[in-house]
Amino acid sequence: MAESKVASSFNGVVGSFRYLDSLLAAIEQLRQAGYRELQALSPVPHHAIEEAIEKPPSPVRYFTLAGCLLGAVTGLTLTIATSLYYPLITGGKPIVSIPPFLVIVFELTILLGGLLTLGGMLFNARLPKVNIGPAYNPRFSEDQFGLWVRCEQKDHETVVTMLRNAGAEEIVPAGQG
Amino acid sequence: MSQLTYSQVDRDIIRAMEAPGWRYYAVLIADLIVLAWGAYAWRYQVVHGLGVTGLTHPVMWAIYITDFVFWVGIAHSGTLISAILYLFRVRWRASIYRTAEAVTVFALFTAGLFPIIHLGRPWVFYWLFPYPQFGGLWVNFRSPLVWDVFAVMTYMIISMLFFFTGLVPDMAVVRNRTSGWRQKIYAFMAQGWQGTDRQWRHYKAAYVFLAALATPLVISVHSVVSWDFAQSIVAGWHSTIFAPYFVAGAIHSGLAMVITLLIPLRRIYRLDAYITQQHLENLAKLIILTGLIVGYAYAVETYIAWYSNNVPEWQRFTYQVTGEYAIPFWIMILFNSLVPLLFFVKRIRTSTPWLLAIAILINIGMWMERFVIIVTGLAHEYDPYSWGPYYPRWVDISITLGSFAWFFLWFLLFIRFLPVISIVEVKEELPPPMRRQNGGE
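Now for a look at the structure at hand. Every value quoted in this text rests on a predicted model; they were computed, and no experiment measured them. (Residues numbered from 1 in each chain as written. Chains lettered and ligands numbered in written order. Predicted model: local features only at pLDDT ≥ 70, side-chain atom pairs only at ≥ 80, totals over all residues.)

Secondary structure summary: chain A contains six helices and four strands in total. Secondary structure of chain A in N-to-C order comes out as α-β-α-β-α-α-α-β-α-β. Computed over the C-alpha atoms, the radius of gyration of chain A is 25 Å, more than 25% above the 16 Å expected from 2.2 N^0.38 for a compact globule of 177 residues. A total of 177 residues make up chain A; the buried ones form 40% of that total. Contacts spanning at least 24 positions in sequence make up 83% of the contacts within chain A whose residues lie at least 6 apart. (Helix = DSSP H or I, 4+ residues; strand = E, 2+ residues; numbered from the N terminus. Rg over C-alpha atoms; globule rule 2.2 N^0.38 Å. Buried ≥ 20, exposed ≤ 12 C-beta atoms within 10 Å, placed from the backbone. Contact = placed C-beta atoms within 7 Å.)

All right, on to the interface of chain A and chain B then. Listed by partner, the interface residues are 60 residues for chain A and 53 residues for chain B. Secondary structure elements with two or more residues in the side of chain A that touches chain B: α2 (20-32), β2 (38-41), α3 (47-53), α4 (60-85) and α5 (98-124) of chain A. Examining the composition of the side of chain A that touches chain B, we find that 15 residues originate from one element, α5 of chain A, more than from any other. For the side of chain A that touches chain B, the per-class residue count stands at 31 nonpolar, 19 polar and ten charged. (Nonpolar A, V, L, I, M, F, W, Y, C, P; charged D, E, K, R; others polar.)

For the rest of this paragraph, the subject is the sheet that holds strand β1 (residues 12-17) of chain A. Residues and elements named next belong to chain A. Pairing within the open sheet is antiparallel, and its four strands lie in the order β2-β3-β1-β4. Sheet topology places β2 and β4 (170-174) at the edges, where each strand pairs with a single neighbour. Averaged over all pairs of adjacent strands, the angle between strand axes in this sheet comes to 20°, irrespective of strand direction. Sheet topology places β2 next to strand β3 (residues 145-150); four bridges connect them, and they run antiparallel. Each residue of the ladder has a partner; that of leucine 38, found in β3, is valine 149. (Pairing = 2+ DSSP bridges. Axes fitted to C-alpha atoms, helices over the stretch in contact; angles between N-to-C directions.)

Here we come to the packing of helix α4 (residues 97-117) of chain B against helix α8 (residues 242-268) of chain B. Residue and element names in this part refer to chain B. Packing of α4 against α8 brings their axes to within 10 Å, and their N-to-C directions diverge by 125°. Considering their axes alone, α4 and α8 lie oblique with respect to each other. Relative to α8, the crossing made by α4 is right-handed. On the side of α4, the interface is formed by Thr99, Ala100 and Val103, while α8 contributes Gly254, Met257, Val258, Leu261, Leu262 and Leu265. Here the contact of α4 with α8 is built from residues that sort into seven nonpolar, two polar and no charged. (Parallel < 35°, antiparallel > 145°, perpendicular 65-115°, else oblique. Left-handed = near helix turned anticlockwise from the far one by under 90°.)

So yeah, pure geometry; function would need other evidence.
Following this line, the structure appears as structure tokens:
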């Protein structure tokens, strides 16, 4: 995966926090000090973390839109083209009778919209991931918060101090491989 | 629930997935015996043809289509709780939505079998799908039966996506707490989830879009199922009220099924801290709403049968109320629209035995409703010379019982191998651990 390649060639540190507000304080201080490449790990999603990290909104919505449009076009094409290909009049109705076809169009809009939403999530979140990165600690899925900071070797001590001051309980180097 | 901590939630919910006692296996074996009997009945039907069932002219749709409509209906409440209530930010859904969503997926597994069981040659079921075949014959897109194939397949796929997407972060928790081959399976389902802010951001966006897509879908599915009937000119079926009537009935029966399953689940796995009386009471209140809509639909049907001044319509109505199927009809009226009104009494909707009893009665009533609509419509069409009743035989009944066993088999496997309550969503409802207690969120 692209991200794990980045991770393996790079030095950083991971701090683990027991409290959410400690994590938020650490994010704020590090960002103020100019460390922009941060990654928070948390057992639950939280708006405060999102706001502190300040990343652009997820582009998954464009995948959903593309999927829905693709589904609608597929539905129209499938119903109209196949009816023209096998023009059998039933019930005296026109060969291309749009109102009943709209049911199929609707269902395929939802179906492809849903499938591309899932695809968009997997693509953007870089899932599935075969190797779980070295920054991960199982407790980040349980009851602790993690903060991974990208930094140069020379800034290592500074970052460790900042994390500790913000309330990190355990700080380990990460990203070595 | 607010006294719980994050790690306590992990422990409690994962505890329910530990090795179960002998009772679980006893229930599982009993379930498998019923399922095997149903499978034997289906084999018998395939070998000897549909003539071994009670299906005969004029009632060519009977118990199998009843079962199909019933199980698709059961599926609906899961999507109501997991998607619609999610969009409305209803907080109490967190601890019950996983079970409801599982009910949706398994009910659709069950419903999907019936159109195939009902085929004389089930091995050519794929003729229902549009694909370029040798004869150049394409399916008729003007037929509600083809709409139904699309609607139910889409519903099944989207529900499974929604179910498994919701499971991903929970699977990471389970992955970290198991070992050996089980860990490998859970790790696969977790897809390498770590809970980074990037993953959460895209996950939450995808989840809300899946919910937004599932919401109109669920309304469309039972509407399309109702059009299987309403698009025809059979008296009693040809009605514009059918779509909302079927959707409300579907949610009515689904809520009752969720209550029927949650009460024993909560008791056996001691999940009282998560599935509280308040959850069940809220479900009961929703049942009052759907019950009133269903009752209104019954009243409108009756009124229109009389007011339309249409002889076949009125004939069929009087047949429905007084003919061979009068008992199922009155069961349907009583159990679906009158008994649920008892939930207006707070003491009844907060009492577990009452809730369970009424939920089971609604399940029975809703099955009867589908049976009454389908069979009385066909048994008493326009021409008196073609009237005739339907009585199920052992094959039809065995396959119906087998379908319940099939549904419960999936449910039993679900409670054994997956977290029955969403770990992540329950944690989201708890106040996050803060160093400054009054620091606010």
